[in-house]
Amino acid sequence: MTVRVLPMINEYLTGVLAIERVSFPTPWTRHSFQNEIYNNDFAYYYVALNGQQVIGYAGMWIILDEAHITNVAVHQDYRGRRLGEILLRVLMQEAVYLGADRMTLEVRVSNHSARRLYERLGFVSAGVRRGYYNDNREDAIIMWKHLFEETNSGSDNGNEYPGY
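Calculation criteria
Residues numbered from 1 in each chain as written. Predicted model: local features only at pLDDT ≥ 70, side-chain atom pairs only at ≥ 80, totals over all residues. Heavy atoms only, no water. Helix = DSSP H or I, 4+ residues; strand = E, 2+ residues; numbered from the N terminus. Buried < 20%, exposed > 50% of the residue type's maximum accessible area, 1.4 Å probe, protein only. 1 Å grid on protein atoms, 1.4 Å probe; cavity = no way out; pocket = protein on both sides within 12 Å on 5 of 7 lines; lining within 4 Å. Points joined across faces, edges and corners; volume = space filled by probe spheres on them. Nonpolar A, V, L, I, M, F, W, Y, C, P; charged D, E, K, R; others polar. Core = buried A, V, L, I, M, F, W, Y, C linked by side-chain atoms within 4.5 Å. Contact = heavy atoms within 4.5 Å. Axes fitted to C-alpha atoms, helices over the stretch in contact; angles between N-to-C directions. Parallel < 35°, antiparallel > 145°, perpendicular 65-115°, else oblique. Left-handed = near helix turned anticlockwise from the far one by under 90°. Arc of directions from axis to C-beta.

(A) Quick peek at unusual backbone geometry. Positive phi values are uncommon outside glycine, yet L64 reaches one of about 55 degrees. Among the structural elements, L64 can be located in the loop between β3 (53-63) and β4 (66-74). By relative accessible area, which is 76% here, L64 ends up exposed. The phi dihedral of R137 falls on the positive side, at around 65 degrees, and the residue is not glycine. Mapped onto the secondary structure, R137 falls in the loop between β6 (124-129) and β7 (140-146).

Structural data, given as structure tokens:
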């Protein structure tokens, strides 16, 4: 399998929404994604494709010199294949290219697999947002990463990632 990572466009939203619905208790709507990719000048969203199938996506906002990850999700049949890591590395590279020197995100306290991935990529816990998630009032851990510690995705193949 060769994974391509491309900017998110409207034609990919059906696949994105299918992943979104099974990944999050309060999924974003088509309108939310369309607003992000077409109307938000701070937003940058990407999809991971296997052929024409959307198998993951990730997004961020760039505000001044900071990147804020808004969401990352991988199709349940493709989890455990480092696609989340690929998507995050693309976000990190793009953030540096766009002038960010640090990146932040919030993650559920209970999302241990995501937390391990973020830590492996150099994110560190910097605080807690109490009751951050509306669906169950779960706390979020705030994590930060300085991007100049690592800016190369480890691949010289542009936006293709063979072997995944």
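Here the narrative resumes.
(B) Structural context of the layout of surface pockets. Looking at the largest pocket, its volume works out to about 1300 Å³. What lines the largest pocket is a set of 37 residues, and nearest its centre among them are F24, V72, N111, A114 and Y118. Its residues assigned to classes, the lining of the largest pocket comprises 17 nonpolar, 10 polar and 10 charged.

(C) Seen up close, the nonpolar core. Judged by nonpolar contacts, the single largest core of 33 residues is most densely connected at M103 and Y118. Among the elements of the structure, β1 (2-7), β2 (43-50), β3, β4, α3 (83-97), β5 (102-108), α4 (112-120) and β7 are those that each provide at least two residues to this core. Residue contributions to this core peak at eight residues, all from α3. Once residues lying within four places of it in the same chain are set aside, the contact partners of M103 are M60, A67, I69, L91, M92, A95, F123, M143, W144, K145 and L147.

(D) Region of interest: the packing of helix α1 (residues 13-23) against helix α2 (residues 30-39). Taken N-terminus to C-terminus, the directions of α1 and α2 make an angle of 125 degrees; their axes are 10 Å apart at the nearest point. Between α1 and α2, the interaxial angle falls into the category oblique. In this structure, α1 meets α2 at a crossing whose hand is right-handed. Here L13, T14, V16, L17 and E20 of α1 lie close against α2, whose contacting residues are R30, F33, Q34 and I37. Class assignment of the residues belonging to the contact of α1 with α2 gives a composition of five nonpolar, two polar and two charged.

(E) Layout of α1. When α1 is considered as a whole, its buried residues turn out to be L13, V16, L17, I19 and E20. Buried residues in α1, looked at end-on, bunch into an arc of 165 degrees, giving them a common side. In α1, those exposed residues whose orientation departs by more than 90 degrees from the buried face are T14, R21 and V22. Each element contacted by the buried residues of α1 is listed here: α2, β2, β3 and β4.

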